[in-house]
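Here is what each chain is made of, one letter per residue.
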Amino acid sequence: MVDLLLLTAAPGGSQEALPALGLLAHRVRVVPMEASALVDAHDVDVIVMDGRRDLVAARTTCRLVRATGLEVPLLLILTEGGLAAVTGEWGVDDLILDSAGPAEVEARLRLLAERSKQSRFEETPDEIESGDLVIDAGGYSVRLRGRTLDLTYKEFELLKHLVQHPGRVFTRAQLLQEVWGYDYYGGTRTVDVHVRRLRAKLGTEHEALIGTVRNVGYRFEPQKERWGRDASALEQ
């Protein structure tokens, strides 16, 4: 079973956008084709984009998916007339006609999901480096300028998760789900506590590596990107 996020403006949802999808046993969450819908796109196997009616909006949203750093495979639904408009800059992983049958839809979704899982497995390094920060995923250790940080298991997992997705903003609920797991029943305040402890252990010089996005959540800010923003602000 594949978890899908269907972005569509069609009032009929998946039944209208890709009728064959309703005959398959996949979990489908239908959301409007808006940028805000991508906040919850991290926990799905495939994003399905309905590009049948509005190619301009579909192109913009497809490019936004890639610009936000989401690594989820993107399947674009089109009519036959829309095929000529799609180019490589859209950033889609596969195309499918809205008239496709269940067997074709099933095959394409399965291949996209399997390819994505294999890619994530192959690309996960034992060591993750970002400036002065080095995370040894296999040894569960973190070094900052050669100094080993004394982190708890959850502090390590939280830092590693943020560093693996530089610049991407996570809500507190997302971090609870991805770091603590589905079976955790504590409140989102837990995330704030762990972030505060992490910043204290990083020290005043590096605490800004974990940035706060007001009213949203947290993100990892690589040193080069942060220095670039600081320099721009000084020039202004």
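The rules behind each value
- Residues numbered from 1 in each chain as written.
- Predicted model: local features only at pLDDT ≥ 70, side-chain atom pairs only at ≥ 80, totals over all residues.
- Heavy atoms only, no water.
- pLDDT = per-residue confidence, 0-100.
- Helix = DSSP H or I, 4+ residues; strand = E, 2+ residues; numbered from the N terminus.
- Contact = heavy atoms within 4.5 Å.
- Axes fitted to C-alpha atoms, helices over the stretch in contact; angles between N-to-C directions.
- Parallel < 35°, antiparallel > 145°, perpendicular 65-115°, else oblique.
- Nonpolar A, V, L, I, M, F, W, Y, C, P; charged D, E, K, R; others polar.
- Pairing = 2+ DSSP bridges.
- Phe/Tyr/Trp six-rings, centres within 6.5 Å; stacked < 30°, edge-to-face > 60°.
- Buried < 20%, exposed > 50% of the residue type's maximum accessible area, 1.4 Å probe, protein only.

Novice: Looking at this structure, how should I read the confidence of the model for the chain?
Specialist: Any residue range with low pLDDT should be treated as having predicted coordinates unsuitable for detailed reading. Averaged over every residue, the pLDDT of the chain is 85; residues scoring 70 or more account for 87%. Per-element confidence in the chain ranges from a low mean pLDDT of 48 for helix 7 (residues 223-235) to a high of 96 for strand 5 (residues 94-97). Note that pLDDT drops below 50 for residues 226-236; the model gives that stretch five contacts with residues more than four away or on any other chain.

Novice: Quick question: what am I supposed to make of the packing of helix 4 (residues 153-163) against helix 6 (residues 189-202) here?
Specialist: For any two helices packed against each other, one specifies the crossing angle of their axes together with the interaxial distance. Between helix 4 and helix 6, whose axes approach to 10 Å, the crossing angle comes to 85°. Put simply, helix 4 runs roughly perpendicular to helix 6. Two secondary-structure elements touch here, helix 4 through Lys154, Glu155, Leu158 and Leu159 and helix 6 through His194, Val195, Arg197, Leu198 and Lys201. Of the residues assigned to the contact of helix 4 with helix 6, the class counts are four nonpolar, one polar and four charged.

Novice: Would you mind going over the sheet that holds strand 6 (residues 127-130) with me for this structure?
Specialist: Within a sheet, adjacent strands bond to each other through the backbone by hydrogen bonds, running parallel or antiparallel. Taken together, four strands build an open sheet; the order of strands is 6-7-8-9 and the sheet is antiparallel. At either end of the open sheet lies a strand with only one pairing partner, and these are strand 6 and strand 9 (147-148). Bridge count between strand 7 (residues 133-136) and strand 8 (residues 141-144): four bridges; the pairing is antiparallel. Directly across from Ile135, in strand 8, lies its bridge partner Val142. Sitting on the sheet, helix 4 is in contact with strand 6, strand 7 and strand 8, with an inclination near 115° to strand 7.

Novice: Looking at this structure, I do not really get the packing of aromatic side chains. What am I missing?
Specialist: Any aromatic ring pair is given by two values, namely how distant the centres are and how the planes are angled relative to each other. On inspection of all chains with the given rule, the structure shows two aromatic pairs. Summarising the aromatic geometry, the rings of Tyr140 and Tyr153 are spaced 6.0 Å apart at their centres and angled 40° between planes, so their arrangement reads as tilted. Of this pair, Tyr140 sits in the loop between strand 7 and strand 8 while Tyr153 sits in helix 4; the two residues are 13 residues apart in sequence, bridging distant segments of the chain. For Tyr140, a relative accessible area of 48% corresponds to the partly exposed category. Consider the rings of Tyr140 and Phe156, whose centres lie 5.3 Å apart with planes at 50°: the pair is tilted. Of this pair, Tyr140 sits in the loop between strand 7 and strand 8 while Phe156 sits in helix 4, and the two are 16 residues apart along the sequence. On the accessibility criterion, Phe156 (3% relative accessible area) is buried. Here the aromatic cluster, defined as three or more aromatic residues joined through ring pairs, consists of Tyr140, Tyr153 and Phe156.

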